[in-house]
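A structural walkthrough
So the chains spell out like this:
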Amino acid sequence: MLKGNSLIFAAITVAFGISGCQSADPGTYGLYKDYRLQSDNKAYAIGTNKIAGAAWGARDIQEAQKLAIETCVKLGGKNCNIVDINGSSVTN
């Protein structure tokens, strides 16, 4: 649900192993790059199954976090958590 001028963007991502390393699908990287360029009141969430959601342009940080998690879940994300707020990594 959009409120005010909020924009929500999301990407479905797939991880795959390459020589013992994991790399995310270019869609996830593109979403994260777009997210990083946005103004404050933004949040980025990702699920344990590598489905991500992001929100920016929200009224406040709490709304951005709520919208990012909602988007992640709506796209099928499992156990979605906020991993970045306003360009700063979040540890759970």
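Above this note sits the structure.
Described in the following lines is the structure provided in the data block. The model shown is predicted, which means the values in this text are computed figures rather than measured ones. (Residues numbered from 1 in each chain as written. Predicted model: local features only at pLDDT ≥ 70, side-chain atom pairs only at ≥ 80, totals over all residues. Heavy atoms only, no water.)

1. Topic: the overall build of the protein
The helix and strand tally for the protein stands at two helices and seven strands. Ordered by position from N to C terminus, the α and β elements of the protein give β-β-β-α-β-β-α-β-β. Partitioning the contacts of the protein with sequence separation of at least 6, the portion at a separation of at least 24 is 50%. Accessible surface, the protein: about 5400 Å² in total, of which carbon and sulfur atoms supply 55%. (Helix = DSSP H or I, 4+ residues; strand = E, 2+ residues; numbered from the N terminus. Contact = heavy atoms within 4.5 Å. Areas by Shrake-Rupley, 256 points an atom, 1.4 Å probe, with all protein chains shown as cover.)

2. Describing the state of the cysteines
One pass over the structure, following the stated rule, counts one disulfide. Between Cys72 and Cys80 runs a disulfide, and the two sulfur atoms are separated by 2.2 Å. Because the sign of the S-S torsion sets the handedness, a value of about -75° for the bond joining Cys72 and Cys80 places this disulfide among the left-handed ones. The two residues Cys72 and Cys80 agree in class, both being buried. (Disulfide = S-S within 2.5 Å. Buried < 20%, exposed > 50% of the residue type's maximum accessible area, 1.4 Å probe, protein only.)

3. With respect to the pairing of strand S5 (residues 52-56)
Counting buried positions along S5 yields five of five residues, so the element is predominantly enclosed. Going residue by residue along S5, you find Ala52, Ala54 and Trp56 tucked away on one face and Gly53 and Ala55 tucked away on the opposite face as well. As defined by bridge partners, strand S4 (residues 43-46) adjoins S5 across four bridges and the pair is classed as antiparallel. Across the sheet, Ala45 pairs through a bridge with Gly53, a residue of S5. Counted along the chain from S4 to the antiparallel partner S5, the turn is five residues long, and its residue Lys50 has a positive phi close to 70°. (Pairing = 2+ DSSP bridges.)

4. A few points about the environment of Ile82
Looking at where Ile82 falls in the secondary structure, it is placed in strand S6 (residues 81-85). Between the C-alpha atom of Ile82 and that of Ala52, which follows or precedes it by 30 residues, the distance is 9.6 Å.

5. So, helix H2 (residues 61-74)
Across its 14 residues, H2 extends 20 Å between first and last C-alpha, which sits within 8% of the 20 Å expected from 1.5 Å per residue. Taken as a whole, H2 has its buried residues at Glu63, Ala64, Leu67, Ala68, Thr71 and Cys72. The arc enclosing the buried residues of H2, seen along the axis, measures out at 165°, which places them on a common side. For H2, the capping residue at the N-terminal end is Asp60, with a side-chain oxygen 3.3 Å from the backbone nitrogen of Gln62. (Expected span 1.5 Å × (residues − 1). Arc of directions from axis to C-beta. Polar contact = N/O pair within 3.5 Å; in protein donor to acceptor, adjacent residues only side chain to side chain.)

6. Examining the pattern of salt bridges
The final tally for this structure, using the stated rule, is three salt bridges. Its salt-bridge partner being Arg36, residue Asp84 comes within 3.6 Å of it at the nearest N-O pair. One end of the pair, Asp84, is in strand S6; the other, Arg36, is in helix H1 (residues 26-36), with 48 residues separating them in the sequence. Judged by relative accessible area, which is 41%, Arg36 ranks as partly exposed. Between Arg59 and Glu63 there is a salt bridge; the shortest N-O distance is 3.2 Å. (Salt bridge = Lys/Arg side-chain N within 4 Å of Asp/Glu carboxyl O.)

Any functional reading would require information beyond the geometric quantities listed.
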